Amino acid sequence: MKILFTAFALSFGLLSIQAFAQEATTTSPKEMAAKMSDASSQEKCCAGKDGCDGECPISMAMAKLPSMSYLVGTEKTCCSESAAQLASQSNAAIHYVVADTTYENKTEAMTALVEKTEAMVEDFITPCKCEKSGKTTVAGETCECPMQGAKNIELVKAAVEAINVSYKVGDEACNCPMKAKEMASKSDSKMTYVVDGEETCCSMTARLQTARAKYKAAVKALVSASKEAAGSESNG
């Protein structure tokens, strides 16, 4: 699974950084800040994004992912639109904060966010077995029972593999990024990334959405399994 995830991330990476850098040089700070709205930051600012309120295990898990916040002068916000408004009002530059590191360059900040998220998700969904204790950990769940540990691994693997990533150029869709890039070079339409039903023209955003979707799917799979097990015990 780790090899497949790494290879997929690299295939995105071949198309991502150059395209994002080109976009950054032709977009105003205000427009770019809006485009760089990070879903994890928005979930911290807005309740109920994961379909449950209160101490929702999915929301709590998503909040642990790397996020981007925006610094304008001494004002810090997790909302890109608020940052753009502050920058406009104070005539100050927007700085980007990822994992306690502040970036002046938006391309570097977004690249850091994507790479840190991908690395965290890869570790999260990769099974780890302690040879000394025999415990298996995957997607944040540690299990002493070998059979349940193996089941958790399969549940996470199936959930991650179910995340669908495809590409569109105009009305034409395909599943190969290189083919989509070739189609776009012969068309007036941009290549669109479709990640689990969500569309974006930004390759870096697509990488971020893919990693986040895999992480969320893994968490949901084990949360659902835990609820089913609890229900079976109570009925028994």
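Criteria and thresholds
- Residues numbered from 1 in each chain as written.
- Predicted model: local features only at pLDDT ≥ 70, side-chain atom pairs only at ≥ 80, totals over all residues.
- Heavy atoms only, no water.
- Helix = DSSP H or I, 4+ residues; strand = E, 2+ residues; numbered from the N terminus.
- Areas by Shrake-Rupley, 256 points an atom, 1.4 Å probe, with all protein chains shown as cover.
- Pairing = 2+ DSSP bridges.
- Expected span 1.5 Å × (residues − 1).
- Buried < 20%, exposed > 50% of the residue type's maximum accessible area, 1.4 Å probe, protein only.
- Arc of directions from axis to C-beta.
- Salt bridge = Lys/Arg side-chain N within 4 Å of Asp/Glu carboxyl O.

Student: So what's going on with the overall build of the protein? Which residues, and what values?
Tutor: Looking only at helices and strands, one finds nine helices and 11 strands in the protein. Roughly 13,200 Å² of accessible area belongs to the protein as shown, and the carbon and sulfur atoms make up 51% of that amount.

Student: Could you give an account of the sheet that holds strand 6 (residues 136–138), with specific residues and numbers?
Tutor: Pairing in this open sheet of three strands is antiparallel, and the strands run 5-6-7 from one edge to the other. Every interior strand has two partners, whereas the edge strands, strand 5 (128–129) and strand 7 (141–143), have only one. As judged from the two bridges shared by strand 5 and strand 6, these two strands associate in the antiparallel manner. Bridged to Lys129 within strand 6 is Thr136.

Student: Tell me about helix 7 (residues 146–161), and please be specific about residues and values.
Tutor: With 16 residues, helix 7 extends 23 Å between its outermost C-alpha atoms, agreeing within 8% with the 22 Å of an ideal straight helix rising 1.5 Å per residue. Of the residues making up helix 7, those classed as buried are Gly149, Asn152, Val156, Ala159 and Val160. Seen along its axis, helix 7 keeps its buried residues to an arc of 95 degrees; they face one direction. Across from the buried face of helix 7, at angles greater than 90 degrees, the exposed residues are Pro146, Met147 and Glu161.

Student: Which residues make up unusual backbone geometry, and what values do they have?
Tutor: A positive phi is found at Ala99, a non-glycine position, where the angle reads about 50 degrees. Checked against the element boundaries, Ala99 lands in the loop between strand 3 (95–98) and strand 4 (101–103).

Student: Give a detailed account of the pairing of strand 10 (residues 191–195), specifying residues and quantitative values.
Tutor: Within strand 10, five of the five residues are buried, which leaves it mostly tucked inside the rest of the structure. Across the two faces of strand 10 the burial is the same, with Met191, Tyr193 and Val195 and Thr192 and Val194 all buried. Note: strand 8 (residues 165–169) against strand 10, five bridges, orientation antiparallel. Residue pairing for strand 10: Tyr167 is matched across the bridge by Tyr193.

Student: Describe helix 5 (residues 80–90), naming the residues involved and giving the relevant values.
Tutor: Of all the positions in helix 5, only Ser80, Ala83, Ala84 and Ala87 are classed as buried. What you see down the axis of helix 5 is that its buried residues fit within an arc of 100 degrees, all on one side. For helix 5, exposure combined with an orientation more than 90 degrees from the buried face picks out Glu81 and Gln89. After helix 5 finishes, the residue Asn91 shows a positive phi value of roughly 55 degrees.

Student: Before we move on, can you summarise the pattern of salt bridges with the specific residues and values?
Tutor: Scanning all chains against the criterion turns up four salt bridges. When the shortest N-O distance is used, the salt bridge between Glu118 and Arg207 registers 2.7 Å. Within this pair, whereas Glu118 is found in helix 6 (residues 106–125), its partner Arg207 is found in helix 9 (residues 203–235), the two being separated by 89 residues in sequence. Pair check on accessibility: Glu118 and Arg207 agree, each one buried. Residues Glu144 and Lys135 are paired through a salt bridge, measuring 3.7 Å at the closest nitrogen-oxygen approach. A residue is classified by how much of its surface remains accessible, and Glu144, at 60% relative accessible area, is exposed. Under the relative-accessibility criterion, Lys135 is labelled partly exposed at 32%.

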